[in-house]
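Single-letter residue listing:
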Amino acid sequence: MESSRIECAKTVSSYQLTKDYTPQFSSITINDCFVKLASHSSLIYNDNKTIKQLCHYCAFEVLKTSLCFLNYTEDEYTFRLSLICFFVQANCQVSDHTISYDRCSTNSACGCFPMAGAQNVGVCAFLWKFCSQLVPCGPSQDCSDRDHICIHHRRCSNDPVCYPLSMMNENICPPVAIAATTTTTATTTTTRKAKFTNWKQNGMMVAGRNASGQHSTPPLKPMGIAFDKNKTLLIADHDSDRIVRWASGEIYGATVADGFGRGNKFDQLNQPTHMIFDEGNNSFIIADWGNRRLIRWMHRFGQEILLQNISCYDLATDKFGYLYISDSANGEVRRWKMTEIKGKQGVLVAGGNGKGNQSNQLDNPSFIFIDDEQSVYVSDRYNHRVMKWEKGAKEGAAVAGGNGAGNYSERLDEPQGVVVDEYGRIYVTDSNNHRVMRWKKGMKEGELIVGGNGNGNQPNQLHKPMDLSFDSEGNLYVADCFNHRVQKFDSI
């Protein structure tokens, strides 16, 4: 199934209709303007003024939304209309039955909608408009309301619907800089190092609620978090069955992998817990925990089930090109070569001896971390400890907790996210104690990093934190799951 690239129109800052170019095209609809001006096939006119009149008319009609500046070159007696206007190749893909909404604006909540009636062309608009609020397009793919445009919407069964131009306004979807036309490949970070010793105790919400303090739509329930190569936050949204990319400073996140509601079809997820970006295949690999499978989510070619009957809880990679998966149901961690995952059993690297609390056992392992020596750190959730399994070891050693459930400094209560810094210090989200703890190498007691003030939604509180991560500046990010947010704690 061959995919073709959409060029996505961005909003323009201003485009004034002047008296010199009074529109002479009153019979032309807004869709006609877009289709004519945004088509891949160049339009040919004999009159330069006619071209300017048409473009000005369209710019006026769409109220300064997703239109263009023109670049015309003289080729003997012919003027070719070339669309350049903040149209960028934004990797917004369309295939036979799949429409992608790749990012086309500095606002990550905006995406590229394929236009009805235009060939390989999309408009940049705010994504979260529900189908129940939209009216189907007319038989000629037109809209009765002059302030609407006919587009294809994946969440509306790909049927043409009329979308309000107000959702394409530059105040909502600011255009990206021209330099952003160069495509970059995202990769999730695999080494997360804490550069500093202390963090502010009051966190700042960076994902999960809008500017009015209300929950995002749909509400966020973050499990696994990571950063891509561009320092953008990736979130496994457990209850909304999707993967979200949340850019710094944005009010809304952009969904990069989801289906039509919770389910087990190829294009659906069921309570995902984590994800990584596979740079080699330009795809997400997702721990589809509720479906007990590992799935590859590809922008161009759909989805591919890599592993089945495995309760994938967390994913991690090492610098040697291996993928690690914690299997919560089977109490083990296995490893695969990134190029040899599908249908393979993998190599056992931790646990695998039934559920239990012995040194060669795990009980409902959750998040994992792999260091540069390929040692595996596992949050052994129901044993209330973090275990370290060195490469090739048959048994692990408790390096944090392991003294039963509790809230004393030597105890954990259902640990989740785990990160080890370059000094061997272990950072772990102590979920039921609503805090983040740190164990220095060889110490029997941990020290409080953030939280620990009871469960609550205040800046100095957490409620059932899950994963954690650090950015390149050493700031701490916590998936504050039951508060439906991701909190950032600045390093000091």
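Residues numbered from 1 in each chain as written. Predicted model: local features only at pLDDT ≥ 70, side-chain atom pairs only at ≥ 80, totals over all residues. Heavy atoms only, no water.

Concerning the sheet that holds strand 18 (residues 293-298)
Then, number 1: Taken together, the 4 strands give an open sheet; going across it, the order is 16-17-18-19, and neighbouring strands pair in antiparallel fashion. What marks the edges here is a single partner per strand, and that holds for strand 16 (274-278) and strand 19 (302-308). Put simply, the sheet's adjacent strands are angled 20 degrees from each other on average, direction ignored.
Then, number 2: Of the pairings in the sheet, the one linking strand 16 to strand 17 (residues 283-288) comprises 5 bridges and is antiparallel in character. Residue pairing in the sheet places M275 in a bridge with I286 of strand 17. (Pairing = 2+ DSSP bridges. Helix = DSSP H or I, 4+ residues; strand = E, 2+ residues; numbered from the N terminus. Axes fitted to C-alpha atoms, helices over the stretch in contact; angles between N-to-C directions.)

Thoughts on the pattern of salt bridges
Then, number 1: All told, the structure shown has 18 salt bridges when counted by the stated rule.
Then, number 2: Across the pair K221 and D239 runs a salt bridge whose closest N-O atoms are separated by 3.5 Å. Within this pair, whereas K221 is found in the loop between strand 11 (204-207) and strand 12 (222-227), its partner D239 is found in the loop between strand 13 (233-237) and strand 14 (242-246), the two being separated by 18 residues in sequence.
Then, number 3: What makes D239 partly exposed here is its relative accessible area of 35%.
Then, number 4: For R385, the salt bridge identified is with D380, shortest N-O distance 2.7 Å.
Then, number 5: For R385, a relative accessible area of 8% puts it in the buried group.
Then, number 6: Residues participating in the shared-partner salt-bridge network are D278, R296, E304 and K342. (Salt bridge = Lys/Arg side-chain N within 4 Å of Asp/Glu carboxyl O. Buried < 20%, exposed > 50% of the residue type's maximum accessible area, 1.4 Å probe, protein only.)

A closer look at the state of the cysteines
Then, number 1: Inspection of the entire model under this criterion finds 2 disulfides.
Then, number 2: In this model C137 forms its disulfide with C150; the gap between the sulfur atoms is 2.1 Å. Linking C137 and C150, the disulfide has an S-S dihedral of approximately 120 degrees and is accordingly described as right-handed. Highlighted residues: C137 in the loop between strand 8 (135-136) and strand 9 (148-152) and C150 in strand 9, separated in sequence by 13 residues.
Then, number 3: The class for C137 is buried, based on a relative accessible area of 14%.
Then, number 4: At a sulfur-sulfur separation of 2.2 Å, the disulfide partner of C143 is C162. Here C143 and C162 share a disulfide; its torsion about the S-S bond, -105 degrees, makes the bridge left-handed. One end of the pair, C143, is in the loop between strand 8 and strand 9; the other, C162, is in strand 10 (residues 160-164), with 19 residues separating them in the sequence. (Disulfide = S-S within 2.5 Å.)

Focus: the sheet that holds strand 32 (residues 465-470)
Then, number 1: One open sheet holds the 4 strands; their spatial order is 11-34-33-32, and the pairing between them is antiparallel. Each edge of the open sheet is held by one strand with a lone partner, namely strand 11 and strand 32. Averaged over neighbouring strand pairs, the angle between their axes works out to 30 degrees when direction is ignored.
Then, number 2: Direction of pairing for strand 11 relative to strand 34 (residues 485-489): antiparallel, over a ladder of 3 bridges. Each residue of the ladder has a partner; that of M205, found in strand 34, is Q487.

Remarks on the nonpolar core
Then, number 1: W199, L233, I235, V450, L476 and V486 are the most contacted members of the largest nonpolar core, which has 39 residues in total.
Then, number 2: When residues of this core are assigned to their parent elements, the largest contribution, 4 residues, is made by strand 33 (residues 476-480).
Then, number 3: If near-sequence neighbours (up to four positions away) are discounted, L476 is found in contact with W199, I449, V450, L468, S469, F470, Q487, K488 and F489. (Core = buried A, V, L, I, M, F, W, Y, C linked by side-chain atoms within 4.5 Å. Contact = heavy atoms within 4.5 Å.)

Points about unusual backbone geometry
Then, number 1: The backbone of N364 sits at a positive phi, close to 60 degrees, despite the residue not being glycine.
Then, number 2: Summarising the element assignment, N364 is placed in the loop between strand 23 (347-351) and strand 24 (365-370).

Details of the packing of aromatic side chains
For any pair of aromatic rings, geometry is given as the distance between the ring centres together with the angle between the planes.
Then, number 1: Applying the stated criterion to the full structure yields 7 aromatic pairs.
Then, number 2: Each ring, one from W199 and one from Y427, has its centre 5.9 Å from the other, and the planes form 85 degrees; the classification is edge-to-face. Residue W199 is found in the loop between strand 10 and strand 11, and its partner Y427 is found in strand 29 (residues 426-430); the two are separated by 228 residues along the sequence. Each of the two residues, W199 as well as Y427, counts as buried.
Then, number 3: With 5.1 Å between their ring centres and 75 degrees between their planes, Y427 and F470 make a pair best called edge-to-face. Here the residue Y427 occupies a position in strand 29, and F470 occupies one in strand 32, the gap between them amounting to 43 residues.
Then, number 4: Judged by its relative accessible area of 4%, F470 is buried. (Phe/Tyr/Trp six-rings, centres within 6.5 Å; stacked < 30°, edge-to-face > 60°.)

Section: the pairing of strand 21 (residues 322-327)
Across a regular strand the side chains alternate sides, sitting on one face of the sheet and then on the other.
Then, number 1: Burial analysis of strand 21 places 5 of its 6 residues in the buried class, which makes it a mostly covered element.
Then, number 2: The pairing of strand 20 (residues 312-317) with strand 21 spans 5 bridges and is classified as antiparallel. Each bridged residue has a counterpart across the sheet, and for L315 the counterpart in strand 21 is I325.
Then, number 3: The hairpin turn running from strand 20 into strand 21, its antiparallel successor, is 4 residues long, and G321 in that turn takes a positive phi close to 85 degrees.

Regarding the environment of G290
Then, number 1: Looking at the secondary structure, you find G290 in the loop between strand 17 and strand 18.
Then, number 2: Since its relative accessible area comes to 29%, G290 is described here as partly exposed.
Then, number 3: Each C-alpha atom, one on G290 and one on R262, is 9.3 Å from the other, the two residues being 28 residues apart in sequence.

Digging into the UniProt feature "repeat: NHL" (unreviewed entry) in the protein
Then, number 1: With numbering matched to this structure, UniProt assigns "repeat: NHL" (unreviewed entry) to residues 412-442 and 456-492.
Then, number 2: Counting secondary structure, residues 412-442 comes out at 0% helix and 52% strand; the distance between its end C-alpha atoms is 16 Å.
Then, number 3: Regarding residues 456-492, the helix share stands at 0% and the strand share at 43%, and the terminal C-alpha atoms are separated by 24 Å. (UniProt positions renumbered as here; feature names shortened; annotations may be inferred.)

Observations regarding the side chain of R334
Then, number 1: Inspection of the secondary structure puts R334 in strand 22 (residues 332-337).
Then, number 2: Among the polar contacts made by the side chain of R334, one reaches the side chain of E332 at a distance of 2.8 Å.
Then, number 3: For R334, the side chain forms a polar contact with the main-chain oxygen of G346, separated by 3.2 Å.
Then, number 4: Residues in contact with R334, not counting those within four places in the same chain, are L323, Y324, I325, Q345, G346, V347, L348 and V349. (Polar contact = N/O pair within 3.5 Å; in protein donor to acceptor, adjacent residues only side chain to side chain.)

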